[in-house]
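Examination of the molecular architecture
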Amino acid sequence: MAKLMEHRAENVRIRQATAEDIELLTNIGRETFAQTFSDDNTPENMAKYLSESFNFEKQYTEFYTPGSLFLVIEENETPIGYARLLAGSGGETCITGEKPVELVRIYLLAAWRGKGYGDVLMKACLDAARQNGHDTIWLGVWEKNERAIKFYRKWGFNVAGSHVFLLGNDRQNDFIMQMKI
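The present account deals with the structure reproduced in this document. Just so it is clear, the model here is predicted, and its values are computed rather than measured.

Definitions and cut-offs
Residues numbered from 1 in each chain as written. Predicted model: local features only at pLDDT ≥ 70, side-chain atom pairs only at ≥ 80, totals over all residues. Heavy atoms only, no water. Salt bridge = Lys/Arg side-chain N within 4 Å of Asp/Glu carboxyl O. Helix = DSSP H or I, 4+ residues; strand = E, 2+ residues; numbered from the N terminus. Buried < 20%, exposed > 50% of the residue type's maximum accessible area, 1.4 Å probe, protein only. Phe/Tyr/Trp six-rings, centres within 6.5 Å; stacked < 30°, edge-to-face > 60°. Pairing = 2+ DSSP bridges. Core = buried A, V, L, I, M, F, W, Y, C linked by side-chain atoms within 4.5 Å. Contact = heavy atoms within 4.5 Å.

A word on the pattern of salt bridges. Enumeration according to the criterion identifies nine salt bridges in this entry. The salt bridge involving Glu 52 is made with Lys 48; its shortest N-O contact spans 3.6 Å. Within this pair, Glu 52 and its partner Lys 48 are both found in helix 2 (residues 43–53), separated by four residues, close to a single helical turn. On the basis of relative accessible area, Glu 52 is assigned to the partly exposed category, the value being 44%. Here Lys 48 falls in the partly exposed class, since its relative accessible area comes to 31%. Where Lys 154 meets Asp 119, a salt bridge forms, and the shortest distance between an N and an O atom there is 2.7 Å. One end of the pair, Lys 154, is in helix 5 (residues 146–154); the other, Asp 119, is in helix 4 (residues 117–131), with 35 residues separating them in the sequence. Exposure remark for Lys 154: the relative accessible area of 53% places this residue in the exposed category. Judged by its relative accessible area of 26%, Asp 119 falls in the partly exposed class.

Structure (structure tokens):
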């Protein structure tokens with residue numbers, strides 16, 4: 001994806017991640033995923049998923065995947081979350097649009113949730129998608145993650161289908177949500 005113009009508002013900044021941020025992305029991803037899903041999943045499945053998905057090598061590969069764009073949100077220069085967009089990832093048959101982009105992750109550390117930072121980060125994701133000529137943005141969200149589903153609906157996402165998400169050895173159902181942009 002093309003570069004993103006940096007967003008700033010008072011003490012909040014959203015910037016495009018660099019290769020120097022790969023360890024940061026790994027750590028925030030692991031911590032945020034654990035904070036969000038540990039209570040609803042077995043320790044064994046969480047440990048397996050976290051070790052497979054949030055290690056340096058995996059994040060390095062994701063960072064350098066063509067069409068991948070990572071945005072880091074900072075408050076007073078302290079990273080508090082990130083998002084990942086992936087162009088050319090239209091593998092879901094329920095996705096409409098001629099040039100879709102996937103919102104692979106939008107993560108905020110728990111201490112910053114519910115304070116409007118998710119809205120700031122979502123706006124930056126939508127701006128980046130538009131700047132890169134995408135007409136649809138889509139994502140997968142666990143059917144039991146009511147907080148996230150409510151957030152996405154607020155932004156105009158609607159359920160278009162579903163797919164299986166493997167968390168460790170547990171087959172879970174994710175809603176596929178999309179929005180025209």
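Here the focus is the packing of aromatic side chains. With the rule as written, the count across this model stands at 15 aromatic pairs. Summarising the aromatic geometry, the rings of Phe 63 and Phe 70 are spaced 5.9 Å apart at their centres and angled 25° between planes, so their arrangement reads as stacked. Grouping residues by exposure puts Phe 63 and Phe 70 together as buried. Taking 5.8 Å as the distance between ring centres and 65° as the angle between the ring planes, the aromatic pair formed by Tyr 82 and Tyr 107 counts as edge-to-face. Linking Tyr 82 in strand 4 (residues 78–87) with Tyr 107 in strand 5 (residues 100–108), this pair joins segments that are 25 residues apart in sequence.

We now examine the pairing of strand 7 (residues 158–167). Here strand 7 pairs with strand 8 (residues 170–180) via nine bridges, running antiparallel. Counted as the bridge partner of Ser 162 is Phe 175 from strand 8. The hairpin turn running from strand 7 into strand 8, its antiparallel successor, is two residues long, and Gly 168 in that turn takes a positive phi close to 65°.

Moving on to the nonpolar core. By size, the foremost hydrophobic cluster in this structure holds 30 residues, and its most contacted members are Leu 103 and Tyr 152. Sorting the residues of this core by element identifies strand 2 (12–16), strand 3 (68–75), strand 4, strand 5, helix 4, strand 6 (136–142), helix 5 and strand 8 as the ones contributing at least two each. For this core, the element with the highest residue contribution is helix 4, accounting for eight residues. Residues in contact with Leu 103, not counting those within four places in the same chain, are Ala 83, Arg 84, Leu 85, Met 122, Cys 125, Ile 137, Trp 138 and Leu 139.

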